[in-house]
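Inside the fold
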Amino acid sequence: MPAAGSGTRMGKEIPKPYLTIAGKTILEHTLLQFRHVKEIHELIISTSELFKEQTREIASAVFCDIELTVIEGGAERQESVFKALQYVTDSAELIAIHDAVRPFVSEELILDCIKTASGSDVDGAILATPAKDTIKEVVDNNLVVATPERDRMWQAQTPQIFKREILLRAYNEAASRKYIGTDDSSLVEMIGGKVSVIKSTADNFKITYPLDFQLAKLMLSGK
Ligand code: CTP
Ligand code: MG
C-alpha cells in the first residue's frame, strides 16, 4: 500500500493518508475495507520516515494477525511500490496494490479482483470505471490529435492485483528501462502481461484534490 506521497495537489501540510475524517485517518478508513479479506497474508506499507511509527500503530490496530511491514517509500509512487515489493514473501501467489487514499473500495470488488487475478487465463486484474466523459488526446500546444472511441476508454483505479512473478518482473524491467508508468498495470502491460478489468464504481475515487476531500468527509460522516 503506497502511502508515501506528499499530497501536493491537496495542498495541506499533512500528507493525505494522515488527514482525519470522522475521527479516523484516511489510511485507517482504507485499511478497514480490507480487514475481512482472508486472502491477505501480509501487508507492506510505504510511507515517509516521519509517519512510520503512526502507520505501524494504525495498521496494527486494524490487522492483528498478519505480518506487517512499514518501510520508507520513494520520490515517485512507482518507487514506493517497487521498494515495498522487495519485502513480499516468496510464497505469495498474488500481490495487490492499493492506494492509501482510496477509502471507499468495497470488499465485494476487492474479492472480485482477487478472484479474477488468480484465474489461469490472466496475469492480473484491476478495478476501473468506464469513461464518463469523452477522452481527448491532446498534444503540447493544446491541439486535439485524437478522440478514442469512448466505449473503449476506462479509468483505472486500485486495487490492481497481479501474480507475484510477473509483477516483480515488470517492476524490474521498468527500473532497468527507466520507464515510469502512472499505474502498476501499465508496467505489466509493457512486458506483454494480460490484465483484466473489473467494472468498478465512481465511489472508489482517489482523494486527490480538496474537492475529493470534501466529498469523502460527506460520505464518511454518514457512516
Ligand atoms: N504515493 C507514494 N509515494 C510517492 C507518491 C505517492 O507512496 N512518492 C502514494 C500516495 O501516498 C497515495 C498514492 O500513492 O496513497 C496515490 O498517489 P497520489 O494520489 O498522487 O498522492 P500524492 O503523490 O501524495 O499526491 P500529489 O500527486 O498531489 O502530490
Ligand atoms: Mg502523486
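Quick look at the structure, then. (Residues numbered from 1 in each chain as written. Chains lettered and ligands numbered in written order. Predicted model: local features only at pLDDT ≥ 70, side-chain atom pairs only at ≥ 80, totals over all residues. Heavy atoms only, no water.)

1. So, the sheet that holds strand 5 (residues 94-97)
Spatially, 5-9-6-10 is the arrangement adopted by the 4 strands of the open sheet, whose pairing is mixed. Looking at strand neighbours, the two that pair on one side only are strand 5 and strand 10 (195-199), the edges of this open sheet. Going from strand to strand, the sheet's axes swing by 30 degrees on average, the running direction of each strand aside. (Pairing = 2+ DSSP bridges. Helix = DSSP H or I, 4+ residues; strand = E, 2+ residues; numbered from the N terminus. Axes fitted to C-alpha atoms, helices over the stretch in contact; angles between N-to-C directions.)

2. With respect to unusual backbone geometry
Cis rather than trans, the peptide bond between Thr158 and Pro159 has omega equal to 10 degrees. Mapped onto the fold, Pro159 is located in strand 9 (residues 154-163). At Asn142, a position not held by glycine, the phi torsion is positive, near 65 degrees. Inspection of the secondary structure assignment puts Asn142 in the loop between strand 7 (137-138) and strand 8 (144-146). Judged by relative accessible area, Asn142 falls into the exposed class, the value being 66%. (Buried < 20%, exposed > 50% of the residue type's maximum accessible area, 1.4 Å probe, protein only.)

3. Considering a nonpolar patch on the surface
Side chains of Val139, Leu143 and Val145 sit close together on the surface and give an oily, nonpolar patch of about 240 Å² of accessible area. Mapping Val139 onto the fold places it in the loop between strand 7 and strand 8. (Patch = residues over 30% accessible without salt bridge, like charges linked within 9 Å, V, L, I, M, F, W, Y side chains within 5 Å. Areas by Shrake-Rupley, 256 points an atom, 1.4 Å probe, with all protein chains shown as cover. Salt bridge = Lys/Arg side-chain N within 4 Å of Asp/Glu carboxyl O.)

4. A few points about the site of ligand 1
Lining the immediate surroundings of ligand 1 are 18 residues, of which Thr8, Arg9, Lys16, Ser80 and Lys206 lie closest. Between ligand 1 and Ser6, the relevant distance is 3.2 Å, taken from an oxygen atom to a main-chain nitrogen or oxygen of the residue. Take Lys206: an N or O atom from its side chain is 2.6 Å from an oxygen atom of ligand 1. Of the residues that constitute the shell around ligand 1, the class distribution is 6 nonpolar, 6 polar and 6 charged. (Near = heavy atom within 4 Å. Polar contact = N/O pair within 3.5 Å; in protein donor to acceptor, adjacent residues only side chain to side chain. Nonpolar A, V, L, I, M, F, W, Y, C, P; charged D, E, K, R; others polar.)

5. Structural notes on helix 4 (residues 107-117)
Residues separated by three or four positions in an α-helix point in the same direction, a consequence of the helix having 3.6 residues per turn. Listed as buried for helix 4 are Leu109, Ile110, Cys113, Ile114 and Ala117. Axial view of helix 4: buried residues confined to an arc of 140 degrees, hence all on one face. Across from the buried face of helix 4, at angles greater than 90 degrees, the exposed residues are Glu108 and Lys115. Elements that come into contact with the buried residues of helix 4 comprise strand 5, strand 6 (124-130), strand 9 and strand 10. (Arc of directions from axis to C-beta. Contact = heavy atoms within 4.5 Å.)

6. Examining the pairing of strand 9
Taken together, the 4 bridges between strand 5 and strand 9 define a ladder with antiparallel strand orientation. What sits directly across from Ile97, in strand 9, is Gln160. Pairing analysis gives 6 bridges linking strand 6 to strand 9, with the strands arranged antiparallel. Opposite Ala128, over in strand 9, you have Ala156 as the bridge partner.

7. Observations concerning the packing of aromatic side chains
All told, the structure shown has 3 aromatic pairs when counted by the stated rule. On the basis of an interplanar angle of 20 degrees and a centroid distance of 4.3 Å, the ring pair of Tyr18 and Phe51 is categorised as stacked. Taken as a pair, Tyr18 in the segment before strand 1 (20-21) and Phe51 in the loop between strand 3 (42-47) and helix 2 (52-62) lie far apart in primary sequence, 33 residues in all. With a centroid separation of 5.5 Å and an interplanar angle of 35 degrees, the aromatic rings of Phe104 and Phe205 are classed as tilted. With Phe104 in the loop between strand 5 and helix 4 and Phe205 in the loop between strand 10 and helix 7 (210-221), this pair connects stretches of sequence that are 101 residues apart. The two residues Phe104 and Phe205 agree in class, both being buried. Sitting above the plane of the Tyr209 ring, Arg9 keeps its charged end 5.8 Å from the centroid. (Phe/Tyr/Trp six-rings, centres within 6.5 Å; stacked < 30°, edge-to-face > 60°. Lys NZ or Arg CZ within 6 Å of the ring centre and 35° of its normal.)

8. Remarks on the side chain of Gln78
For Gln78, the location among the structural elements is in helix 3 (residues 77-85). Relative accessible area serves as the criterion here: at 11%, Gln78 is assigned to the buried category. A polar contact of 2.9 Å, which involves the side chain of Gln78, links it to the backbone oxygen of Tyr179. Leave out the neighbours within four places in its chain, and Gln78 touches Tyr171, Ala174, Tyr179, Ile180, Gly181 and Leu187.

9. Re the pairing of strand 4 (residues 67-72)
As defined by bridge partners, strand 3 adjoins strand 4 across 6 bridges and the pair is classed as parallel. Paired with Ile45 across the bridge in strand 4 is Val70.

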